[in-house]
Amino acid sequence: MRLLLLCLLLVSAAPAATRAQDLPAAAETEVATPLDAGAPTSVNAAPVQSNGLPTAPTPPRTMRAYWHVFVAFAVAWALLFGYVVALGRRFGSLEREIRRLEGTGV
Amino acid sequence: MNDVVESQESTRRWAVILSAISGLSVLATFWLIFFYVPTEREMGIVQRIYYVHVPSAWVAFLAFGIVALCSLVYLWIRDDRLDAIALSSAELGLVFTTIVLITGPLWGKIAWGVWWVWDARLSLTLLLWFIYVGYFMLRGATENPERGKRFAAILGIVGAVDIPLIHVSVLWFRSQHPQPVVLRAEGPTADPEIVKTLLFSFLTFTIVFFALLLLRYGLERLQRRVDAATFRAATRSSSINSQGAVR
């Protein structure tokens, strides 16, 4: 009976033990700095500071990060789209101008 | 005159073809960025800004490189078309550098906690932007347009010296800015999917750049045709007026 209880205890404790083994690895991933990079999915973030500038101790997983990604993409593509629209308008006005000048026999 | 019109039609045709290709390429890039590439483990979602920021920087450098090359040859053979290409490329370079200067701080605020730091790469990029703003101011600041073109060509060449400095600044100086992750002697350090997506973004931005360059060049040629026609019209009307005054 004691043996059975011990076995049950070990079996029930196994998932917790597995999670406990996984936790340090996860924690390492969370606080990984560029200096210990070399890991395949790293793209080299900010280096260690010596001039009092803030470091990035944890990966940003906040709504603010999503918001920044959205703004970056929106601004970049809006700028390019706006530029194309501006080019189109300038084309239109120049073509009208050249037709007007050709109409005067120049 | 017919040659000019034909050449403009051909430029416009190529611009339309390239625009269609770049539209498809942009859609594919969006799919790669938002559905294919995994989220980077250290920086999280904000790393996806790289796929706009880094290719924009590449295209800006390409644009200013074209400005320098065309300006150099323009000073030598004085072909007006080279000046038109340089002007068009400088305008696009300015647009893409603006994108770099906006998207960079958006990434930096999350990754570093600050919008801007005065380190070598960031400061030199801002300097590049100001140099090419000066390029346009210089063109318009002279009474004689030909002199303006020459001065701007010289500034276009001198300004391009900043490009290699920006590239090596992260290697030569202590820098907050990330080191190169793809163009390295030891090979890319990033995940293959990240590298693939980044390279595809480079290709897309390059196609977009050439499509816009053709459109802008076509516009510049049309502008110069209008200027020439306006000048002819003004000359003719002044000569008619002077004949009337003599009678």
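None of the values given here were measured: they were computed from a predicted structure.

About the cut-offs
Residues numbered from 1 in each chain as written. Chains lettered and ligands numbered in written order. Predicted model: local features only at pLDDT ≥ 70, side-chain atom pairs only at ≥ 80, totals over all residues. Heavy atoms only, no water. Helix = DSSP H or I, 4+ residues; strand = E, 2+ residues; numbered from the N terminus. Buried < 20%, exposed > 50% of the residue type's maximum accessible area, 1.4 Å probe, protein only. Contact = heavy atoms within 4.5 Å. Areas by Shrake-Rupley, 256 points an atom, 1.4 Å probe, with all protein chains shown as cover. Lys, Arg positive; Asp, Glu negative; His and termini not counted. Charge placed at Lys NZ, Arg CZ, Asp CG, Glu CD. Core = buried A, V, L, I, M, F, W, Y, C linked by side-chain atoms within 4.5 Å. Patch = residues over 30% accessible without salt bridge, like charges linked within 9 Å, V, L, I, M, F, W, Y side chains within 5 Å. Salt bridge = Lys/Arg side-chain N within 4 Å of Asp/Glu carboxyl O. Phe/Tyr/Trp six-rings, centres within 6.5 Å; stacked < 30°, edge-to-face > 60°. Expected span 1.5 Å × (residues − 1). Arc of directions from axis to C-beta. Polar contact = N/O pair within 3.5 Å; in protein donor to acceptor, adjacent residues only side chain to side chain. Axes fitted to C-alpha atoms, helices over the stretch in contact; angles between N-to-C directions. Left-handed = near helix turned anticlockwise from the far one by under 90°. Nonpolar A, V, L, I, M, F, W, Y, C, P; charged D, E, K, R; others polar.

Novice: Sorry, what's going on with the overall build of chain B here?
Specialist: On a plain count of helices and strands, chain B comes out with seven helices and zero strands. In chain B, the order of α-helices and β-strands from amino to carboxyl end is α-α-α-α-α-α-α. On the principal axes, the C-alpha backbone points of chain B span a range of 85 × 35 × 30 Å. Per-residue burial over chain B gives 51% buried out of 247 residues. For chain B, long-range pairs separated by at least 24 residues make up 77% of all intrachain contacts whose partners lie at least 6 apart in sequence. Accessible surface for chain B amounts to roughly 11900 Å². Of this, 69% is attributable to carbon and sulfur atoms. Each charge class in chain B was averaged separately, 22 positive and 18 negative side chains, and the resulting centres sit 5 Å apart.

Novice: I tried to follow the overall build of chain A on my own but got confused; where do I start?
Specialist: For chain A, the count of helices and strands is two helices and zero strands. Counting the 106 residues in chain A, one finds 22% classified as buried.

Novice: Whenever I open this one, the nonpolar core confuses me. Can you help?
Specialist: Proteins that are soluble and globular tend to have nonpolar side chains buried together. Judged by nonpolar contacts, the single largest core of 74 residues is most densely connected at V46, F96, W107, Y132, Y135, F209 and L212 of chain B. If you tally residues by element for this core, the top one is helix 7 (residues 192-246) of chain B, at 14 residues.

Novice: Please explain a nonpolar patch on the surface as it appears in this structure.
Specialist: Taken together, the side chains of V161, L165, L171, W172 and F173 of chain B define a hydrophobic patch exposed on the protein surface, amounting to about 550 Å² of accessible area. Its place among the elements puts L165 of chain B in helix 6 (residues 162-172).

Novice: Where do I start with the pattern of salt bridges in this structure?
Specialist: Opposite charge on two side chains permits pairing when their charged atoms draw close. This model, assessed by the stated rule, comprises 11 salt bridges over all chains. Among the ionic pairs, R224 of chain B bridges to D80 of chain B, the shortest N-O distance being 3.1 Å. Placement of R224 of chain B in helix 7 and of D80 of chain B in helix 3 (residues 80-111) is noted, with a sequence separation of 144 residues between them. Among the charged side chains, a network of salt bridges with common partners joins R90 of chain A together with D80, D83, E91, R139, E146, K149, R216, E220 and R224 of chain B.

Novice: What is the right way to look at the side chain of H68 of chain A in this model?
Specialist: Relative to the helices and strands, H68 of chain A is located in helix 2 (residues 63-103). Not counting residues up to four positions away in its chain, the partners in contact with H68 of chain A are I49, L106, K109, I110 and W115 of chain B.

Novice: So what exactly am I meant to see when it comes to the packing of aromatic side chains here?
Specialist: Two aromatic rings are characterised by how far apart their centres lie and by the angle between their planes. This structure, assessed with the given rule, holds 17 aromatic pairs over all chains. Geometrically, the ring pair formed by W67 of chain A and F70 of chain A is stacked, given 5.6 Å between the ring centres and 25 degrees between the ring planes. In this pair, W67 of chain A and F70 of chain A are both assigned in helix 2, three residues apart and thus about one turn of the helix distant. There is no split in this pair, since W67 of chain A and F70 of chain A are both exposed. Geometrically, the ring pair formed by F96 of chain B and F205 of chain B is edge-to-face, given 6.2 Å between the ring centres and 65 degrees between the ring planes. With a gap of 109 residues between them, F96 of chain B in helix 3 and F205 of chain B in helix 7 connect regions that are remote in the sequence. Residue classification places F96 of chain B among the buried positions, given a relative accessible area of 0%. Put simply, the rings of F73 and W77 of chain A together with F30, F34, F96 and F205 of chain B pair up and form one aromatic cluster.

Novice: Just checking my understanding: could you explain helix 5 (residues 145-159) of chain B for this structure?
Specialist: Three or four residues apart is the spacing at which side chains of an α-helix point the same way, because the helix has 3.6 residues per turn. Residues and elements named next belong to chain B. If you check helix 5, its first and last C-alpha atoms are 20 Å apart, about what 15 residues at 1.5 Å a residue would give, namely 21 Å. Every buried residue belonging to helix 5 is among G148, K149, A152, A153, G156 and G159, and all of these are buried. Each buried residue of helix 5 sits inside an arc of 135 degrees when the element is viewed along its axis, so together they form one side. Among the residues of helix 5, the N-terminal cap falls to N144, whose side-chain oxygen and the backbone nitrogen of E146 are separated by 3.0 Å.

Novice: So what exactly am I meant to see when it comes to helix 3 of chain B here?
Specialist: All names here are of chain B. Between the first and last C-alpha of helix 3 there are 46 Å, a value that for 32 residues agrees with the 46 Å anticipated at 1.5 Å per step. Buried residues dominate helix 3, accounting for 26 of its 32 residues. Its side-chain oxygen at 2.9 Å from the backbone nitrogen of R81, D79 defines the N-terminal cap of helix 3.

Novice: How should I be thinking about the environment of L94 of chain B in this particular structure?
Specialist: Residues and elements named next belong to chain B. Relative to the assigned elements, L94 resides in helix 3. Taking the relative accessible area as the measure of exposure, L94 reaches 15% and is therefore buried. Note: C-alpha distance between L94 and I131 (37 residues apart in sequence) is 9.7 Å. Filtering out sequence-adjacent residues up to four positions away, L94 remains in contact with F64, W129, Y132, V133 and F136.

Novice: What is the right way to read the side chain of D119 of chain B from this model?
Specialist: All names here are of chain B. Mapped onto the fold, D119 is located in the loop between helix 3 and helix 4 (120-141). Comment: no salt bridge for buried D119; closest opposite-charge side chain is R121, at 7.2 Å. Engagement of the side chain of D119 in a polar contact is seen with the backbone nitrogen of R121, the distance being 3.3 Å. One polar contact links the side chain of D119 to the main-chain amide nitrogen of L122, over a distance of 3.2 Å.

Novice: Mind showing me how you'd approach the packing of helix 3 of chain B against helix 4 of chain B here?
Specialist: In a pair of packed helices, the angle between the axes and the distance between the axes together describe the arrangement. Residues and elements named next belong to chain B. Running from N to C, helix 3 and helix 4 cross one another at 145 degrees; their axes reach a closest spacing of 10 Å. Between helix 3 and helix 4 lies a crossing whose hand is left-handed. In this structure, helix 3 contributes D83, A86, L87, A90, E91, L94, T97, T98, V100 and L101 to the contact, and helix 4 contributes T125, L126, W129, Y132, V133, Y135, F136 and R139. A breakdown of the residues in the contact of helix 3 with helix 4 according to their chemical character gives 12 nonpolar, three polar and three charged.

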